[in-house]
Every structure is written in structure tokens, then in C-alpha cells.
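Given next are the chains, with one letter for each unit.
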Amino acid sequence: MRLEKCWFCSSTVYPGHGIQFVRNDVKIFRFCRSKCHKNFKMKRNPRKVKWTKAYRRLNGKDMTQDSTFEFERKRNRPERYDRNLAENTLKAIKKIDKVRVDREARHHALRMKGKKAKEQREAAKELEQSIHMVKAPAVLEKEPALTLPKIKVKLSQPQAEENHPMEE
């Protein structure tokens, strides 16, 4: 069973699925679904369409350099069937898949490393700007425990409005 790759989005095309387009110069394009085929016909560049594998790799969202990708490459060299070789290959595929998953998780963790701190800074800034919408400033001065924990909020002093008679 030969599993092909979609020309547009790089996902797997299983036998009996997808669309195959053969250009006049006998170049074969395989597509996993009509969405990819339509984007190809519209002459869209897969590197500029955000949901494709090409875009994700180009913009550092997916791993690009890894030794486990070498095992996925298509090989057209026929091999003589050997039961031991097939058994060892299946064992190796499981190990390689585990290694790839671990490396992808590590890559994702490195990408998301500073995100939590950034989100907390943004939340603190937003809270600082609009704390008056949460509670009235006078109430916050009386009970400082009403502020959110671990975030210090600066309160502006309410201006004392004094009724001065108009000078003439």
C-alpha cells in the first residue's frame, strides 16, 4: 500500500482517496481533498496559505530539520522480501515515531516558553487600565483585598471636587 503526499498541504493521501491531476508535461500532482485542488487551480502558493505544512515550516511553527524525516522519504528501490527485515523495520518505525513525537513536543514547548509570562503581563496591563470597571476606586481603597492576587494595580486618586462659586 503506497501512501502519497498531497502536493499542496503535505498531508497523507491514502489509496482511493483524493484527486490526481496530470499536467501536459506529465508532472503528477496529488491532492488529499477538493480544498487543496481548488487552491492549486487558483494558483495559490502553499507557502503563503496559513494552514499548509509549507507555511508552518517556513514560519518556524513546525520542525524543519530532524533526522527522523529521513525515514519518511519515498524510495523506489525494490527490496527482496525478508521476514526478519520486515519485523525489524516495523519495530524501528515504532521507535522512530516515538522519537519524533518527543522532539515535536520539545519544539512546541520551546515555542510556547515565553507565552505564559507575556499573557500574564498583558492581563495585568489590561486590569490596570480598566480596574474601575471591575470595582469602584473608592471601594478598592477601603478594601485592597478585592484586587486580583499577585498583580499589583495602581489606582489613580479620585480628584476631590470642591464646589467653588464662580468668580465674576
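What counts and what doesn't
Residues numbered from 1 in each chain as written. Predicted model: local features only at pLDDT ≥ 70, side-chain atom pairs only at ≥ 80, totals over all residues. Heavy atoms only, no water. Helix = DSSP H or I, 4+ residues; strand = E, 2+ residues; numbered from the N terminus. Buried < 20%, exposed > 50% of the residue type's maximum accessible area, 1.4 Å probe, protein only. Patch = residues over 30% accessible without salt bridge, like charges linked within 9 Å, V, L, I, M, F, W, Y side chains within 5 Å. Areas by Shrake-Rupley, 256 points an atom, 1.4 Å probe, with all protein chains shown as cover. Salt bridge = Lys/Arg side-chain N within 4 Å of Asp/Glu carboxyl O.

Enquirer: Looking at this model, I keep getting lost on unusual backbone geometry. Mind explaining?
Expert: Glycine aside, residues mostly have negative phi angles, and peptide bonds mostly take the trans form. Positive phi outside glycine occurs at Val-26, with the angle close to 65°. In this structure, Val-26 sits in the loop between strand 3 (19–22) and strand 4 (28–31). Judged by its relative accessible area of 64%, Val-26 is exposed. If you check the backbone angles, Lys-43 has positive phi at about 60° while not being a glycine. Within the secondary structure, Lys-43 is located in the loop between helix 1 (34–41) and helix 2 (53–58). We classify Lys-43 as exposed; its relative accessible area is 76%.

Enquirer: Where do I start with a nonpolar patch on the surface in this structure?
Expert: A contiguous nonpolar surface patch, about 390 Å² in accessible area, is contributed by Met-1, Leu-3 and Tyr-14. With respect to the element layout, Leu-3 can be found in the segment before strand 1 (4–5). On the basis of relative accessible area, Leu-3 is assigned to the partly exposed category, the value being 42%.

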